[in-house]
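So the chains spell out like this:
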Amino acid sequence: MNVSATTWIITLVVILGLFIFDFFAHVRTPHAPSLKESGAWSAVYITIALIFGGYVWWQWGGTYGGEYYAGFITEKALSVDNLFVFVIIMAKFAVPREYQQKVLLLGIVMALVMRGGFIAVGAAAINAYSWVFYLFGAFLIYTAVKLIREATASEEDDDDEDSAIMKFVKKYLRTTDEYNGDKLFTKANGKRLATPMLMVLIVIGFTDVLFALDSIPAIYGLTTEPYIVFTANAFALMGLRQLFFLLDGLLDRLVYLSWGLSIILGFIGVKLVLHALHENTLPFLNGGEHIKVPEISTGLSLSIIVGVLVVTTVASLIKAKSNDKKEQDSIPSA
């Protein structure tokens, strides 16, 4: 895949322009977006992402187009899972609903910048050392197992982790528990203090790093093209703010999403290991020669990813509906 410097520059300018537009059109004036507004703009950004995939398909062929769509769907699914954490963070800090948009947008921009760094490092590592695929594959399989454990565990560990972050921040910053609009700093008794808004951003920034550790190896299991990796991530993150408000209140109904994501990450991890074996250069494996193993095509990957997401979403909604019915039946009639 030959991507010119001009194409890279135009792509970066367009993505930056969309974020700037999002800020001035929706975030600059604090307000709590309605479901209609969130739904409409979520649809707009998803449409833009799908159209861009068509451009990739037209410009570089069906193989790369399929890789982009598989990467975008995977990253979008992982982003939805990330929204669970954002909801918890917003609730813990009691962020006023009208100011949540600014926090989310800044957090998304931070996530994109961090992922850009991970993408660059990942691309350099892959070009220099083919055995990195073994590490990526093993890490994704480990992450898949970890997701299953977290799906059945309590939230106490997350509480301890957040408390540790907050203690670290308060140790080095003078803070206040009072919000001052959507400002990150305020003044009290002549002192410059960090507001809870800055605390929220720091916690979200820390979690963004953890999210990138999962998402970047996952998409490198579907494509090795940095341009596709970056654009799939960018378009998956774009519109995440609107999706947060659209799915707010519905996220807790997606009870099987973590299970579905664990299956997807485990599948991609196996795919990476098979690819690593096929491209093997490690001297202690088969004398450093390539190992003949089946490789999983992009088409099959896309089918499995979409299939797992559809099944887990439908199963989650059926489960939620069943739980609602049980709750209604348990309420004694007057």
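Calculation criteria
- Every chain is numbered independently, its residues counted from 1 as its sequence is written.
- pLDDT decides what is reported in this predicted model: residues at 70 or higher carry local features, side-chain atom pairs at 80 or more are listed and counted, and totals for whole chains, interfaces and linings draw on all residues regardless.
- To get the side-chain values, all heavy atoms of the structure are used, and hydrogens and water are removed first.
- Secondary structure elements follow DSSP: runs of H or I no shorter than four residues count as helices, runs of E no shorter than two count as strands, and numbering proceeds from the N terminus.
- Based on C-alpha atoms, the radius of gyration is set beside the globule rule, defined as 2.2 Å times the residue count to the power 0.38.
- With a 1.4 Å probe rolled over the protein chains alone, any residue whose accessible area is under 20% of its type maximum counts as buried; one over 50% counts as exposed, and the rest are partly exposed.
- Contact definition: two residues touch when any of their heavy atoms are within 4.5 Å.
- Using a 1.4 Å probe, the Shrake-Rupley method yields the accessible areas, and only the shown protein chains count as cover for residues.
- When charges are counted, Lys and Arg are positive and Asp and Glu negative, with His and the chain ends excluded.
- Here the site of a charge means NZ on Lys, CZ on Arg, CG on Asp, or CD on Glu.
- A 1.4 Å probe that fits into a set of points on a 1 Å grid over the protein atoms alone but cannot get out defines a cavity; an open set with protein on both sides within 12 Å along at least five of seven lines defines a pocket, and lining residues are those with an atom within 4 Å of a point.
- Grid points are joined across faces, edges and corners, and a volume is the space filled by probe spheres set on the points.
- For this classification, the nonpolar set comprises Ala, Val, Leu, Ile, Met, Phe, Trp, Tyr, Cys and Pro, the charged set comprises Asp, Glu, Lys and Arg, and every other residue, Gly included, is treated as polar.
- Here a pair means two rings of Phe, Tyr or Trp (six-membered ring of Trp) with centres within 6.5 Å. Their orientation is stacked below 30 degrees between planes, edge-to-face above 60, and tilted elsewhere.
- The salt bridge criterion pairs a side-chain nitrogen of Lys or Arg with a carboxyl oxygen of Asp or Glu, the two atoms within 4 Å.
- Think of each axis as a best-fit line through the C-alpha atoms, taken over the contacting stretch in the case of a helix, with angles from 0 to 180 degrees between the N-to-C directions.
- Each angle receives one of four descriptions, namely roughly parallel if under 35 degrees, roughly antiparallel if over 145, roughly perpendicular if within 65 to 115, and oblique otherwise.
- For a crossing to be left-handed, the near helix must be turned anticlockwise from the far one by less than a right angle; the clockwise case is right-handed.
- As used here, the term nonpolar core means buried Ala, Val, Leu, Ile, Met, Phe, Trp, Tyr and Cys residues forming a set that is joined through side-chain atoms within 4.5 Å.
- By definition, pLDDT measures how confident the predictor is in each residue, and it falls between 0 and 100.

Undergrad: Hey, could you run me through the overall build of the chain in this one?
TA: Secondary structure summary: the chain contains eleven helices and two strands in total. Moving toward the C terminus, one meets the helices and strands of the chain in the order α-α-α-α-α-α-β-β-α-α-α-α-α. A compact globule built from 334 residues should have a C-alpha radius of gyration of about 20 Å, and the chain, at 22 Å, falls within 12% of that. Put simply, the chain has 334 residues, and 43% of those count as buried. Of the contacts made within the chain by residues no fewer than 6 positions apart, 77% connect residues no fewer than 24 positions apart. Carbon and sulfur atoms provide 65% of the accessible area of the chain, an area that totals close to 17100 Å². If the 25 positive side-chain charges of the chain are averaged to one point and the 29 negative ones to another, these points end up 6 Å apart.

Undergrad: Mind showing me how you'd approach the layout of surface pockets here?
TA: Any empty space left between atoms is shown by rolling a water-sized probe over those atoms. Taken as a whole, the second largest pocket holds about 380 Å³ of empty space. As for the second largest pocket, its lining consists of 17 residues, and the residues nearest its centre are Ile46, Lys76, Ala77, Val80 and Leu309. Going through the elements one at a time, α2 (35–60), α3 (62–92), α9 (240–247) and α11 (298–330) are the ones with two or more residues in the lining of the second largest pocket. Here the residues of the lining of the second largest pocket are counted per class, giving 13 nonpolar, three polar and one charged.

Undergrad: How do you make sense of the packing of aromatic side chains when you look at a structure like this?
TA: To describe a pair of aromatic rings, one takes the distance between the centres and the angle between the planes. Summed over the entire model, instances satisfying the criterion amount to 17 aromatic pairs. Consider the rings of tyrosine 55 and tryptophan 58, whose centres lie 6.1 Å apart with planes at 45 degrees: the pair is tilted. Within this pair, tyrosine 55 and its partner tryptophan 58 are both found in helix α2, separated by three residues, close to a single helical turn. Classification of tryptophan 58 as exposed rests on a relative accessible area of 67%. Through successive ring pairs, a cluster of aromatic residues spans Trp8, Phe52, Tyr55, Trp57, Trp58, Trp60, Tyr68, Tyr69, Phe72, Tyr227, Phe230 and Phe235.

Undergrad: Help me out: how do you make sense of the pattern of salt bridges in this one?
TA: Should their charged atoms come close, side chains of opposite charge can pair. Throughout the structure, instances matching the rule amount to two salt bridges. The salt bridge partner of glutamate 75 is arginine 115, with a shortest N-O separation of 3.3 Å. Placement of the pair is glutamate 75 in helix α3 and arginine 115 in helix α4 (residues 100–128), with a sequence separation of 40 residues. Take glutamate 75 and arginine 115: they sit in the same class, and that class is buried.

Undergrad: What am I meant to see in the packing of α3 against α9 here?
TA: For any two helices packed against each other, one specifies the crossing angle of their axes together with the interaxial distance. Contact pair α3 / α9: the axes reach a minimum separation of 10 Å and the direction vectors enclose 65 degrees. Classed by the angle they form, the pair α3 and α9 counts as roughly perpendicular. Note on packing geometry: the crossing formed by α3 with α9 is right-handed. Counted together, Lys76, Ser79, Val80, Leu83, Phe86, Val87 and Met90 of α3 and Leu240, Leu243, Phe244 and Leu247 of α9 form the full contact between these two elements. Tallied by class, the residues present in the contact of α3 with α9 amount to nine nonpolar, one polar and one charged.

Undergrad: Could you clarify how one ought to interpret the nonpolar core in this entry?
TA: Inside soluble globular proteins, nonpolar side chains tend to come together where they are buried. Core analysis: the largest hydrophobic core is formed by 83 residues, its most contacted members being Tyr68, Phe86 and Tyr220. Not counting the four nearest positions on each side in its chain, tyrosine 220 is found in contact with Ile119, Gly122, Ala123, Ile126, Phe133, Phe136, Pro226, Val229 and Leu272.

Undergrad: I'm lost on empty space enclosed by the protein in this one. Help?
TA: Scanning all chains against the criterion turns up three cavities of 30 Å³ or more. Within this model, the largest cavity holds a volume of roughly 50 Å³. The wall of the largest cavity is formed by Asn82, Phe86, Gly107, Ile108, Ala111, Arg115, Asp208, Phe211, Leu237 and Leu240. When residues of the lining of the largest cavity are traced back to their parent elements, those giving at least two are α3, α4 and α7 (196–220). The biggest single contributor to the lining of the largest cavity is α4, with four residues.

Undergrad: Honestly, the confidence of the model for the chain in this entry has me stumped. Any pointers?
TA: The predicted structure's coordinates, where accompanied by low pLDDT, should not be read in detail. Chain-level pLDDT for the chain is 80 on average; 91% of the residues reach the 70-or-more range. Ranking the elements of the chain by mean pLDDT puts helix α6 (residues 156–172) last, at 59, and helix α8 (residues 226–237) first, at 91.

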